[in-house]
Each structure stands twice: as C-alpha cells, then as structure tokens.
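Here's the letter readout for the chains.
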Amino acid sequence: MKMRDESVLLKLYNDRFGRAADSIVRLPGAGSDRLYYRLNSSLGSCIGVRSDSEKDSRAFLSLASYFRKEGMNVPEILARDDSGLYYLQEDLGPLSLFDLIVSRGNEEETEKYVVEVMRSLVRLQTLPAEDWKRLVSYGEFSRRQIMWDLNYFKYEYLKPSGVVFDEDLLENDFEAFSQSLSGLPEYLTGFMYRDCQSRNVMIFDNKPWWIDFQGGRVGPCVYDAVSFLWQARAGFSSDFRQRMLEIYLSEFAENRGVNVSDIKPFIDDFVLFRTIQVLGAYGFQGIVRRKAHFIESIPGALRNLSDLLSKGVMHAYPELERICRLLIADERFKKKNSETLRIRVFSFSYKKGYPEDYSGNGGGFMFDCRGMHNPGRYDQYKPLTGRDPEVVAFLEERGEVQDFVKNCLEIVSPTVRRYLARGFSGLQIGFGCTGGRHRSVYCAEHLAQAIAERYPAAEVELIHREQGWRELYNVKEEK
C-alpha cells in the first residue's frame, strides 16, 4: 500500500510541476489514519495526502477552495486524482502553532498568534451558511452527536481505565447534559470547525493558517473557541485563556448583533463537554492504541476537569461528578516532577496480561519468573504471597530467587544510571508469574528495595497489581 500511495502522489507531482520530485518523505501522523508526505524538487515543495475517508477528503477539498476564495488562510489545493483520496496541497512549512507554544514556553511570545487565531476563527465561523452548508460532509451538531461523544468517553476512557460506575445513573446524567447542550439559540450557530486546536494551525509567512477542517459542520461556534483555548497540551494559564476568550466573544457578539453576556452562560458547559470528548479520544488513542502524545495529554485534560469540579459545573450531574473526582485522583496520570526519574516496578500475572504503561514512552524490562519452583503448587502457600515469611523462606531455601533478582538488578542498573544522567522521567520494570502472587511479588519487592537503596536520586514505585498494593520509595516533595 505504501508503494501505491507514493507512486500516485509522485505522478500527481510530476503532472503538476512538469518534472519528477527529487524526494518524498513520510511525515509523522496524529490521531487519524490519513498519511502525509512532503514532496520536493527545485521547482517547489508540497504536501501529498492519502486520505482515509472519501467523505472527509471531499469536504476538505471543497471547503479549502471556498475558504481561499473568501480570503481565509488555508492551503491551496495543487492537484488531486480522480478518486479525490489523493491530493497535493500547498506546503505551509513544518511549524505548527502548537510547536511554537511548546518551544517558546512563554505566552507573551505567542500571544499575537493566538489573538489572530481568535479573530480569524470568528471570520471563518460566520461566513454565510448558504455558501458552505452544501460542502460539509457531516450532519448538524445535534443531541445524537452529543450522546455519541459522551458514550465514547464512557467506553474508550472510563472502561479501559478501570473506573467503576453505575451505568444507569451515568446515562441519566448524559441525557440531562445532552439536553442542556442542544437546542441553543440560533445566534450561537455557524461553521463548527470541530477539531479547533493549535496542532491544526500552521505558522507560515508569520501568520496562522488553518488545516484539517474536514470535520466541519453546522454547530455551536463557542465549542471551537473552547476547544482551542482549553487544549490540554497547550497549557494556557487561566488568565491568558480568559483574555483570549474575551477577544473572541467580543468579535463574535458584534458580528451576531448580541451582547457578550448573552453568550457567556454557555461557556462552562462547553468546556466540560469538550474535556469529556477529548478524554474519550485520549483514552482510545493513548490507553488503547498506545500513542505517546495522547497519553501525555491526559494530565492536562484532568487538570481542566479539576478546575471545572472546583467551580461546581457538574453539580447537576451527580454520577458524572463522582466519577470525575475519581479520575483526577488517578495516580497514573498525576504530573510528576520532570527532573526526577520514577521507576515503576510491577508484579503481575501473565494470565491477565502485561502491566499498562501510561507514560507514553514504552520500553522497559519484563522478567519471567515462571522458571523457578512455584510455591503456589502447595496448599499451605496458596493463600499467602511473596511478602509472607513462609513463602520467602520457601523461595530462598533453593537459592535460585536470590541469583535471579541479583542478575535482574545488574541488567537494569546501566539503564537506570543512564536515565538519571540524561534526565529521563520514567522507567518500567515488570516481574510476571502464573498467578502474580508468589514468585513475581518476591522479585518485584526485592528489586524495588535494591534499586531504591542503590539509586537514592530515583523515585521508586512498587506495584503488586493483582493484590492492589502500592508502595513508594525515595519520594521527593513536588516543587
């Protein structure tokens, strides 16, 4: 398939520029399955796209042409094949607004771009609906779509995270919440970008340019402003968000001939809805599909959720509020001191699968303890664990477990030293056995203690997964 993608795009390039491309390089993907390539020659550079959806491709190509005609900063479509699934678009360079926000780390240095995005967003959203409604491929934002997103959060974030909830009570809250979000005043409706975030804004010619608007539809415009300003990884401060939101609301209200006070009461509900919606996406792409930058986005989204809880936004939805309090207390996604290496040492049962890795880094070490004699085969040891003296004595009498742990320590030690020296933040080590109760518990316990003693600069988190036990060593105060 890769060869076909490249050959189709190379042909489009040759037809458009009158010569072959000197290079074609696959670009990193994100949440969708669309593929992007940069094609280059002395005559110019462009971005080649292989869409994963005929519907999305049709909408993007049509909307891009319309928005450019209206003077919006969007990429020019240079060529397309007959199917519309393959096309070339203008190369806006490698720098997204998200990249700029992260690299600068200073809101003052990126403020001018965010201000322009807020103003440009209003212009985009308030273009005459009769001109673009026929170009979009998705139905109008509705109560049904709201319920899809709420249940996406339930099935792709809550359930994979192991959160226990009352499904009937939660559905009652979802029904009430969807009712609150639907049936909005007509003046709030316009072009809803749907995925309005700084990753979808490129900085080109010192101006912001919009990309990836194929999901656009008729819907509530404030959803987009909220999506952009509350993007978890962007990490905007509360004061900055409010100042930018005021700019957006002032321009939008003037365009629609209403007062800002007519719009503000809807903001908190849409912040909550967007936060829930993105947590569903982070759950699927991060927890389920293990894509690193989605996992890294979860702590920021949970901080947004915490702010909403403190404001009492969820009081009308008691089961949702209870669940959200559990989510923000989840130790797996609490931001740790980035200057500290945290080593997570697990015991687990192979019957129940490998331990989850929520760091987004992957890697680490997994040791199989099943080659050692199993205390679990004997009735007197079955109710005990590898922490009980009787099991410890059983394992140590044979001498094999001490050598096993010692060898494991020598294997992981070079990596620990290197990670400490390079300022890495996480390392995961697992010990598995049949039931995750005896051999793996002993090994995890003793290795965690040995690492904590040998490397006091590292924090060590010991987790006996099957027993639900957790212990910390060398924990520093968070700054």
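Just above sits the structure.
All values derive from a computational prediction rather than experimental measurement.

Caption draft 1: Quick peek at the pairing of strand E2 (residues 35-41). Most of E2 sits inside the fold, with five of its seven residues counted as buried. As defined by bridge partners, strand E1 (residues 23-26) adjoins E2 across four bridges and the pair is classed as antiparallel. Within E2, the residue paired with Ile24 across the bridge is Leu39. Note: E2 against strand E3 (residues 44-50), seven bridges, orientation antiparallel. Residue Leu35 lies in a different strand from E3, and its bridge partner there is Arg50.

Caption draft 2: Spotlight on the sheet that holds E2. The five strands lie next to each other as E1-E2-E3-E5-E4, forming an open sheet whose pairing is antiparallel. Looking at which strands have only one partner, the edges of the open sheet turn out to be E1 and strand E4 (77-80). Averaged over all pairs of adjacent strands, the angle between their axes in this sheet comes to 25 degrees, without regard to strand direction. Where E3 lies against strand E5 (residues 86-90), five bridges are found, and the strand directions are antiparallel. Counted as the bridge partner of Arg50 is Tyr86 from E5.

Caption draft 3: Local environment of the environment of Ile451. If you trace the backbone, Ile451 turns up in helix H15 (residues 439-454). Given the relative accessible area of 0%, Ile451 is considered buried. In this structure the C-alpha to C-alpha distance between Ile451 and Tyr473, which are 22 residues apart in sequence, comes to 9.5 Å. In contact with Ile451, other than residues within four places in its own chain, are Ile343, Leu409, Val412, Ile429 and Val460.

Caption draft 4: Highlighting the side chain of Gln231. Relative to the helices and strands, Gln231 resides in the loop between helix H8 (222-229) and helix H9 (238-256). Here the side chain of Gln231 touches Gln197 through a polar contact of 3.3 Å, side chain to side chain. Those residues in contact with Gln231 that sit more than four places away from it in its chain are Phe98, Gln197, Ser198 and Arg199.

Caption draft 5: Fine view of unusual backbone geometry. Positive phi values are uncommon outside glycine, yet Arg194 reaches one of about 80 degrees. Non-glycine residue Asp212 carries a positive phi angle of around 55 degrees. On the secondary structure map, Asp212 appears in the loop between strand E8 (207-210) and strand E9 (217-220). You can call Asp212 buried: its relative accessible area is 18%.

Caption draft 6: Representation of the packing of helix H4 (residues 107-125) against H8 within the structure. Contact pair H4 / H8: the axes reach a minimum separation of 10 Å and the direction vectors enclose 160 degrees. For the element pair H4 / H8, the angle class is roughly antiparallel. When you trace H4 past H8, the crossing you get is right-handed. Along its contact with H4, which presents Val114, Val117, Met118, Leu121 and Gln125, the element H8 presents Asp224, Ala225, Phe228 and Leu229. The class makeup of the residues in the contact of H4 with H8 is seven nonpolar, one polar and one charged.

Caption draft 7: Up close: the packing of helix H6 (residues 143-161) against helix H7 (residues 167-181). Their axes nearest at 9 Å, the elements H6 and H7 cross at an angle of 145 degrees. Regarding H6 and H7, the two cross each other, and that crossing is right-handed. Mapping the contact onto sequence places Arg143, Ile146, Met147, Leu150, Asn151, Phe153, Lys154, Tyr155, Leu158 and Lys159 in H6 and Glu167, Leu170, Glu171, Phe174, Glu175, Phe177, Ser178, Gln179 and Leu181 in H7. Each residue belonging to the contact of H6 with H7 can be placed in one class, and the counts come to ten nonpolar, three polar and six charged.

Caption draft 8: Just the packing of aromatic side chains, in detail. Applying the stated criterion across every chain, the model contains 31 aromatic pairs. On the basis of an interplanar angle of 50 degrees and a centroid distance of 5.1 Å, the ring pair of Phe177 and Tyr317 is categorised as tilted. Remark: Tyr317 occurs in the loop between helix H11 (292-310) and helix H12 (318-328) and Phe177 occurs in helix H7; sequence separation between them is 140 residues. On the basis of an interplanar angle of 90 degrees and a centroid distance of 5.7 Å, the ring pair of Tyr350 and Tyr354 is categorised as edge-to-face. Residue classification places Tyr354 among the exposed positions, given a relative accessible area of 52%. Taken together, Phe60, Tyr66, Phe67, Tyr87, Trp132, Phe191, Tyr193, Trp210 and Phe213 form an aromatic cluster joined through their ring pairs. Across from the ring centre of Tyr138, 4.1 Å away, lies the NZ or CZ of Lys55, which sits over that ring.

Caption draft 9: Geometry of the state of the cysteines. If you walk through the whole model with that rule in mind, you get zero disulfides. Free cysteine Cys369: the closest other cysteine sulfur is in Cys443, separated by 3.9 Å.

The rules behind each value
- Residues numbered from 1 in each chain as written.
- Predicted model: local features only at pLDDT ≥ 70, side-chain atom pairs only at ≥ 80, totals over all residues.
- Heavy atoms only, no water.
- Buried < 20%, exposed > 50% of the residue type's maximum accessible area, 1.4 Å probe, protein only.
- Helix = DSSP H or I, 4+ residues; strand = E, 2+ residues; numbered from the N terminus.
- Pairing = 2+ DSSP bridges.
- Axes fitted to C-alpha atoms, helices over the stretch in contact; angles between N-to-C directions.
- Contact = heavy atoms within 4.5 Å.
- Polar contact = N/O pair within 3.5 Å; in protein donor to acceptor, adjacent residues only side chain to side chain.
- Parallel < 35°, antiparallel > 145°, perpendicular 65-115°, else oblique.
- Left-handed = near helix turned anticlockwise from the far one by under 90°.
- Nonpolar A, V, L, I, M, F, W, Y, C, P; charged D, E, K, R; others polar.
- Phe/Tyr/Trp six-rings, centres within 6.5 Å; stacked < 30°, edge-to-face > 60°.
- Lys NZ or Arg CZ within 6 Å of the ring centre and 35° of its normal.
- Disulfide = S-S within 2.5 Å.

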